[in-house]
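# Examining the three-dimensional arrangement
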Amino acid sequence: FVYNLTGMDPLCTNNCAVHIHEGRGCNDSVGPRYWNSDFFDDIINNNDSSPTSPMDESYYATNENNGHANGIFVVKHGNGYGPRKNVNRTIVFHDSNGKHLACG
C-alpha cells in the first residue's frame, strides 16, 4: 500500500520498521507480527537465504528533521500467507526505539 504520513519519528532518516501485525485494528491490541512461521521454517530448514522473519526487511524512512514519511509498503519475501489472509490486518510503524508509533 501507499502511505503518506506526518508526525513520524524524525530520527527515522534511515530505516525504521513497519510490519503487518495479527490485530485487526488500532483500538485493540495489534498483537505480534503476522507471518506464517511454518512456511518460513520450511525455507530456513532447507538452507534458503530468506530471512528468519519475513518482516525483518520492511522499513520506512522519514525526511530529515520533519517527521514526514511517504512510500510504498511491500513485504519483500511475503509473509507466507496469501493476500486474502492479510486483509484487515493492522500495519504498525515503529519509532527509532522499536515502539509502536502509528498504525492503520
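What comes next concerns the included structure. (Residues numbered from 1 in each chain as written. Predicted model: local features only at pLDDT ≥ 70, side-chain atom pairs only at ≥ 80, totals over all residues. Heavy atoms only, no water.)

### Considering the side chain of T90
With respect to the helices and strands, the residue T90 is situated in strand 5 (residues 90-94). Taking the relative accessible area as the measure of exposure, T90 reaches 1% and is therefore buried. At a separation of 3.5 Å, a polar atom in the side chain of T90 contacts the main-chain amide nitrogen of R24. Those residues in contact with T90 that sit more than four places away from it in its chain are H19, I20, H21, G23, R24, G25, C26, V30, C103 and G104. (Helix = DSSP H or I, 4+ residues; strand = E, 2+ residues; numbered from the N terminus. Buried < 20%, exposed > 50% of the residue type's maximum accessible area, 1.4 Å probe, protein only. Polar contact = N/O pair within 3.5 Å; in protein donor to acceptor, adjacent residues only side chain to side chain. Contact = heavy atoms within 4.5 Å.)

### Section: the packing of aromatic side chains
Tallying each qualifying case throughout the model produces 3 aromatic pairs. Geometrically, the ring pair formed by Y34 and Y81 is stacked, given 4.5 Å between the ring centres and 15 degrees between the ring planes. One end of the pair, Y34, is in the loop between strand 2 (16-21) and helix 1 (37-45); the other, Y81, is in the loop between strand 4 (69-72) and helix 2 (83-86), and 47 residues separate them in sequence. You can call Y34 buried: its relative accessible area is 6%. Take Y81: its relative accessible area is 27%, and that puts it in the partly exposed class. Where Y60 meets F93, the ring centres are 5.2 Å apart and the plane angle is 70 degrees; that geometry is what we call edge-to-face. A residue pair is termed long-range when its members are at least 10 positions apart, and Y60 in strand 3 (residues 59-60) and F93 in strand 5 qualify at 33 residues. There is no split in this pair, since Y60 and F93 are both buried. Put simply, the rings of Y3, Y60 and F93 touch in pairs and so form one group of aromatic residues. (Phe/Tyr/Trp six-rings, centres within 6.5 Å; stacked < 30°, edge-to-face > 60°.)

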